[in-house]
Structures are given as structure tokens and as C-alpha cells.
Amino acid sequence: MLTAFSYEASICTHGIGTYEITDQINRLVVKSGVRTGVATILIQHTSASLILFENADPSARADLEHFLRRLVPENSAYFTHTLEGPDDMPSHIRMVLTTSSESIPIAEGKLQLGIWQGLFVYEHRHDPMQRTLSVSIIGESG
Amino acid sequence: MLTAFSYEASICTHGIGTYEITDQINRLVVKSGVRTGVATILIQHTSASLILFENADPSARADLEHFLRRLVPENSAYFTHTLEGPDDMPSHIRMVLTTSSESIPIAEGKLQLGIWQGLFVYEHRHDPMQRTLSVSIIGESG
Amino acid sequence: MLTAFSYEASICTHGIGTYEITDQINRLVVKSGVRTGVATILIQHTSASLILFENADPSARADLEHFLRRLVPENSAYFTHTLEGPDDMPSHIRMVLTTSSESIPIAEGKLQLGIWQGLFVYEHRHDPMQRTLSVSIIGESG
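1. Brief notes about the overall build of chain A
From N to C terminus, chain A includes 3 helices and 8 strands. Counted from the first residue to the last, chain A has its helices and strands arranged as β-β-α-β-β-α-α-β-β-β-β. Counting every position in chain A, which comprises 142 residues, the buried fraction comes to 54%. Considering only intrachain contacts with a sequence separation of at least 6, the fraction spanning at least 24 residues in chain A is 84%.

What follows is the structure, given as C-alpha cells:
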């Protein structure tokens, strides 16, 4: 029999960068008891996002950050949405270029990620933030 | 008991820009009676896309549009897919850089979006269009 | 009654480019017997991705490739993650700018894609690779 579970998770960030949450979400999968199904994770913010990314070598995440900083520079002359500071508008654009929600299949009671694939919150603001995630887990517990 | 619902939605667009559909999708969630589960929304086109974005201040959407117009300019010299006009190829690229489908958790009978987070159709063509969305809602009605 | 199915699929790629897998996934939908529900497809790699894209005219895919090659050039001076070759770091960035998972509604036993919309594996490495996909199908078989 299938069941649907709804969870909330949160993470404290301390500046721009990637924060792995794979274990945190896998613990919710275990808690739900779902063996076969799907987990949907949504970050409930518009200045932080989610990425599935290489979780072995931190240099890959550093280069990604370098790329995004060049692609979406702070203080671009045409920005008008600047009330909250120079990192506000870039944060919204970086969020759109990455993603806000991920759906990950569950089999044998685990997220079916690849060997070097991790789920990360990507914080796009400089200031410390508390970010909340809405997590849906649907599937067969049997 | 879980149930799966399938809906079609549509929206008329009148030129490049963002069109919020949060209320439209929330009405389908109410109609389905699902209290805990997930909604999956797919836009069935390759020259329009979906974004989850800041829905309070329109200046953020204006700056995003400005950014994308600079990143993917019309009339790039190397474009070969130009039969349908100068906005054709940029529309496909802008669609890939944003997204075609979003999965959003449902709890207490509502999409679990953040406070300033809205779901938008992002139209990438100049001409008026009718865009169709396929919507799946799965969950517990209890 | 709803059921949840878990499948693995794979595809051999031979160099950078797009490989359509719409039929392969539709065959899994038929195999599952699900008539109404949702299919979630995840590519279990960090140097290849998924896109929903125009599947009629190959020139659109060629122009997309041209765009990405210019946006994320090999041998960028600031790349430090270069052990696996010049196409390694660009492959991770191109993966983030596209997507790793897609959720597609199922109705009447078929993926609800638009007429010219296909699901593609986007390979970002030069060498031949075997890529695996985890596929979740949840829904009503009735």
C-alpha cells in the first residue's frame, strides 16, 4: 500500500556556497519507511536553490561558484532590484539558472543517487540565513 | 488512501515575460481534494518554460528578463535554427536554462511554496500564444 | 489502486551531444501498466544531464550545443578541477545549467509531453560513456 508523507527540514547557511543535505534527506526516507517511490524536495526561498552535484572533490564546487560569479556579477549597471543589497538580484538569477525543486527516485529504501552525486543547498546570499525545505515522500512501505 | 489525478490547464500569453499561475494550480489542488502529496506541472512547449520566482516585486522579474536577453541575444551569428524568426532559437535556449517541469509538495491541501515564491510560466516568444500545462496531483485525500 | 515501480535504464553515449530517450521511458510506462500518475527520471551522473527539448529539427540542438560551448569554454583560466581533462569541469557546469531529474505527468498510459517535445540525455564528455538512469513510476493502473 502507498502512503504520502510531508516533512519540513531546515539548514543554517553562513554565506555563499554549497551545503550538502543528502544524509538529512535520506534520514527522512528511512523515517517514512518508504522502500519504493519518490522524494520531492523544494527549497522555499528565491535567493537559494538546490543542485545535484559532484560531492567528492570540493574543487568542482569552487569552480562552479567562480563561474556563476562571473556569469552573474554583482552591481550590474542594469539591475533595478537593488534595495536588499548587491547580492540580492544575482541571488534570484542564480536560483533560476540552477533549480528550486528536485525529484529523486527511491528504491530499496534509499535515494537513488549516483556514486559521486550529492544533493546540495546552494546559498546565494552573503549573510547567515536559515533556509527551510518542504519534503514530500510518496511510495510503498512494504 | 492515495489517488492520482490528471488535469490540463492553459494560459494565454501576449509577449515575452512571466505570467503567474500559482492560484490556478492551487485551485486544481483544492479540486483534487489531496491534502498530502505532490503536484507535478509540465509545460508542453519548447519555447516557454516554468520558473519558481520572487512574486512580490516586479523589478526582480524585469531584471531577470534583462539578464536573459543579454545572455541569449537574438540574431547571434552562429544560429542556424532561424526559420521561425529571431526569437525562435533564443526561446529554446532560455527554456533549457530555466525549466520545463516543477514538482511541488502539497501539505494541508496547499502547495508548499515559500511566502514570496510564485510559480510562473515564462513566455519566450514575442507573438501571443496559448500555452498548455499538464498537471499531475498524487496524494492522500483524508 | 496506486502502485510504485522502480526501474533502471541505461544508454551508451559516444561524445558530446543529445540522445533522445522518450521511447525508452514510454516503454517503461507501458510495462508498469500505470494509466494516470507521474514518471520521475534521474540521471545518476554529474557530467551528463537531462533536457526536454525540441525533437523535430536537429538544428535547434546543434545551436544549443554551440551556445553552451561558448558559455562554458574548456580550458578557462580559473578552472582548478582539471585532473580528468579539459571537458571535466565544463561538464559539471553544463549539467547544473540544464537538469538532472525530470518529472513528467502520465495520462492515458503515456508521458504527457507536447507534440515536439522529447526527453534527451545530454552528454557533456567527449569519451564514450555508459549512463544509467533511475526511473520511478507511480500511479493508478486501472
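There's more to say after this.
2. Details of the relation of the copies chain A and chain B
Mapping chain A onto chain B is achieved by rotating through 120° and translating by 0.0 Å along the same axis, at an RMSD of 0.0 Å. Taken together, the turn and the small shift mark the pair as related by a three-fold rotation axis. Closest to the rotation axis within chain A is the C-alpha of L97 of chain A, separated from it by 3.3 Å. With a heterologous cut-off of 20% or less, the 20% of interface residues of chain A that recur at the interface of chain B puts this contact in the heterologous class.

3. Focus on the interface of chain A and chain C
Contact with chain A, which involves 32 residues of that partner, is made by 25 residues of chain C. Contributions of two or more residues to the side of chain A that touches chain C are made by β3 (36–43), β4 (48–54), α2 (58–71), β5 (101–107) and β8 (128–140) of chain A. Broken down by element, the residue count for the side of chain A that touches chain C peaks at 7 residues, all from α2 of chain A. By residue class, the composition of the side of chain A that touches chain C is 16 nonpolar, 11 polar and 5 charged.

4. With respect to helix α3 (residues 88–97) of chain C
Most of α3 of chain C sits out of view: 9 of its 10 residues are buried. Within the span of α3 of chain C, buried status applies to D88, M89, P90, S91, H92, I93, R94, M95 and V96 of chain C. Where α3 of chain C is buried, its residues meet β4 and α2 of chain A together with β4 (48–54) and α2 (58–71) of chain C.

5. Things to note about the nonpolar core
I25 and A39 of chain A, I25 and A39 of chain B together with I25 and A39 of chain C are the most contacted members of the largest nonpolar core, which has 120 residues in total. For I25 of chain C, the contacting residues outside a window of four places in its chain are A39, I41, L111, L119 and V135 of chain C.

6. Things to note about the interface of chain A and chain B
Contact with chain A, which involves 25 residues of that partner, is made by 32 residues of chain B. Counting residues per element, the ones that place at least two in the side of chain A that touches chain B are β1 (2–14), β3, α3 (88–97), β5 and β8 of chain A. With 5 residues, α3 of chain A is the single largest residue contributor to the side of chain A that touches chain B. When its residues are assigned to classes, the side of chain A that touches chain B shows 11 nonpolar, 14 polar and no charged.

7. Things to note about the sheet that holds strand β8 (residues 128–140) of chain B
Residues and elements named next belong to chain B. Across the sheet, 5 strands lie side by side as β1-β8-β3-β5-β6; this open sheet has antiparallel pairing. Where the open sheet ends on each side, the last strands, each with one partner, are β1 (2–14) and β6 (110–111). Across 8 bridges, the pairing between strand β3 (residues 36–43) and β8 is antiparallel. Counted as the bridge partner of I43 is L133 from β8.

8. Points about the sheet that holds strand β7 (residues 117–123) of chain A
All names here are of chain A. One open sheet accounts for 3 strands, arranged β2-β7-β4; its pairing is antiparallel. The sheet is open, and its two borders are formed by β2 (17–20) and β4, each paired with just one other strand. With direction set aside, neighbouring strand axes in the sheet form an average angle of 40°. Looking at chain direction, β4 and β7 are connected through 7 bridges and run antiparallel. Each bridged residue has a counterpart across the sheet, and for I51 the counterpart in β7 is F120.

9. Structural notes on the relation of the copies chain A and chain C
Once turned by 120° and shifted 0.0 Å along the axis, chain A lies on chain C with an RMSD of 0.0 Å. With a heterologous cut-off of 20% or less, the 16% of interface residues of chain A that recur at the interface of chain C puts this contact in the heterologous class.

10. Topic: the packing of helix α3 (residues 88–97) of chain B against α2 of chain C
Two elements in contact, α3 of chain B and α2 of chain C, have axes separated by 10 Å at closest approach and are oriented at 65°. Considering the relative orientation of α3 of chain B and α2 of chain C, their crossing is right-handed. Contacts between α3 of chain B and α2 of chain C involve M89, H92, I93 and V96 of chain B on the former and, on the latter, A60, D63, L64 and F67 of chain C. Its residues assigned to classes, the contact of α3 of chain B with α2 of chain C shows 6 nonpolar, 1 polar and 1 charged.

11. Notes on the pairing of β3 of chain A
All names here are of chain A. Counting buried residues along β3, 8 of its 8 residues qualify, which places the element largely inside the surrounding structure. Both faces of β3 are covered, namely the face carrying T36, V38, T40 and L42 and the face carrying G37, A39, I41 and I43. Bridging between β3 and β5 involves 6 bridges; their strand directions are antiparallel. When the bridges of β5 are listed, A39 appears paired with I104.

12. As for the environment of A56 of chain A
Mapping A56 of chain A onto the fold places it in the loop between β4 and α2. In the structure, A56 of chain A is positioned 46 residues away from E102 of chain A in sequence and 20 Å away in space, judged by C-alpha atoms.

13. Things to note about the confidence of the model for chain A
Predicted coordinates in regions of low pLDDT should not be interpreted in detail. Looking at chain A as a whole, its pLDDT mean stands at 97, while 99% of the residues score no less than 70. Of the two predicted TM-score estimates for the complex, the pTM is 0.97 and the ipTM is 0.96.

Conventions used here
Here the residue numbering is sequential within each chain, running from 1 through the sequence in written order. For this description, chains carry letters from A and ligands carry numbers from 1, given in the order in which they are written. The predicted nature of this model means local features are confined to residues of pLDDT at least 70 and side-chain atom pairs, given and counted, to a pLDDT of 80 or more, with totals for whole chains, interfaces and linings taken over all residues. Going along the chain from the N terminus, every DSSP run of H or I of four or more residues is numbered as a helix, and every run of E of two or more is numbered as a strand. Counting other C-beta atoms within 10 Å of each residue's C-beta, where C-beta atoms are placed from the backbone, gives the exposure class: buried for 20 or more, exposed for 12 or fewer, partly exposed between. For every residue pair, C-beta atoms are placed from the backbone, and the pair is scored as a contact if these atoms sit within 7 Å. Copies are brought into register by a least-squares superposition over C-alpha atoms of residues with pLDDT of at least 70 in both. Throughout, the ten residues Ala, Val, Leu, Ile, Met, Phe, Trp, Tyr, Cys and Pro are labelled nonpolar, Asp, Glu, Lys and Arg are labelled charged, and all others, Gly among them, are labelled polar. As used here, a nonpolar core is made of buried Ala, Val, Leu, Ile, Met, Phe, Trp, Tyr and Cys residues. They are joined through C-beta atoms within 7 Å. Paired strands, as defined in this entry, are two strands with at least two bridges between them according to DSSP. A fitted line through C-alpha atoms represents every axis, and for helices the fit uses only the stretch in contact; the resulting angles, taken between N-to-C directions, go from 0 to 180 degrees. For any helix crossing, the convention is left-handed if the near helix is rotated counterclockwise from the far helix by under a right angle, and right-handed if that rotation is clockwise. pLDDT measures the predictor's confidence residue by residue and takes values from 0 up to 100.

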